[in-house]
Amino acid sequence: MAISTYGAEAKAVSDESGTYTPGLSCLLIDRDEAGRLAAMLKAIADPTRLQLLRLIERAPKGEACVCDLTECLGLRQPTVSHHLKVMTEAGLLNRERRGTWVWYSLNHDGLRRVREILDPASADEPERVAA
């Protein structure tokens, strides 16, 4: 994540050992990055979308067709498609058209970014490889 400083507010602090410590304003997330991350969080801050993510994650091949998702949720296709579009645009899902149907799978990079928002220490951990 990008780090920004904001003018005179960015003051360095020296502790008793003489070690340089940047002021808090030096640790801000870049405003554009904060906007992208907020859009990702908004995209999953909906019960139906969380259900969709879980359904896709647990699908036999890690992907699901819109037709299967509408049946599972008991919702109409336009409603499900809208939710899937929001999550795809936020970078949480991948979309692939096959004939007349569209299949969705998890975008693992997008989900990793969400994990890093919620647990910044996870950014330092090595990525697990799915079997």
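The next thing to look at is the overall build of the protein chain. A tally of regular secondary structure across the protein chain gives five helices and seven strands. Sequence-ordered secondary structure for the protein chain, helices as α and strands as β, is β-β-β-β-α-α-β-α-α-β-β-α. Taken across its 131 residues, the protein chain has 29% of its residues classed as buried. Pairs at least 24 apart in sequence give 48% of the contacts found in the protein chain among residues at least 6 apart. Carbon together with sulfur atoms contributes 54% to the accessible area of the protein chain, which is approximately 9,200 Å² in total.

Here we come to the pairing of strand E6 (residues 93-98). Consecutive side chains of a regular strand alternate in pointing toward one face of the sheet and then the other. Sheet topology note: the E6/strand E7 (residues 101-106) ladder contains six bridges and is antiparallel. Along E7, the bridge assignment pairs arginine 97 with valine 102. Here E6 hands over to E7 after two residues, with glycine 99 in that stretch at a positive phi of 65 degrees.

Between its first and last C-alpha, helix H4 (residues 77-89) extends 18 Å over 13 residues, near the 18 Å set by a 1.5 Å rise per residue. Of the positions making up H4, those classed as buried are Val80, His83, Leu84 and Met87. Down the axis of H4, the smallest arc covering the buried residues is 95 degrees, so these residues share one side. Where H4 is buried, its residues touch helix H1 (31-44), helix H2 (47-58), helix H3 (66-73), E6 and E7. In the segment just after H4, glycine 91 is the residue with positive phi, at about 85 degrees.

Looking now at the sheet that holds E6. Strand order across the open sheet formed by three strands is E5-E7-E6, with antiparallel pairing between neighbours. Each having just a single partner strand, strand E5 (63-65) and E6 make up the two edges of the open sheet. Ignoring which end each strand starts from, the neighbouring axes of this sheet average 25 degrees apart. Helix-sheet contacts for H3 involve E5 and E7, and the interaxial angle to E5 is about 80 degrees.

Structurally, arginine 49 is set in helix H2. Buried and without a salt bridge, arginine 49 has aspartate 46 as its closest oppositely charged side chain, separated by 4.5 Å. Within the structure, arginine 49 has its side chain in polar contact with the side chain of histidine 83 (distance 2.9 Å). Not counting chain neighbours up to four residues away, the residues in contact with arginine 49 comprise Lys42, Ala43, His82, His83, Val86 and Met87.

Parameters and conventions
- Residues numbered from 1 in each chain as written.
- Predicted model: local features only at pLDDT ≥ 70, side-chain atom pairs only at ≥ 80, totals over all residues.
- Heavy atoms only, no water.
- Helix = DSSP H or I, 4+ residues; strand = E, 2+ residues; numbered from the N terminus.
- Buried < 20%, exposed > 50% of the residue type's maximum accessible area, 1.4 Å probe, protein only.
- Contact = heavy atoms within 4.5 Å.
- Areas by Shrake-Rupley, 256 points an atom, 1.4 Å probe, with all protein chains shown as cover.
- Pairing = 2+ DSSP bridges.
- Expected span 1.5 Å × (residues − 1).
- Arc of directions from axis to C-beta.
- Axes fitted to C-alpha atoms, helices over the stretch in contact; angles between N-to-C directions.
- Lys, Arg positive; Asp, Glu negative; His and termini not counted.
- Salt bridge = Lys/Arg side-chain N within 4 Å of Asp/Glu carboxyl O.
- Polar contact = N/O pair within 3.5 Å; in protein donor to acceptor, adjacent residues only side chain to side chain.

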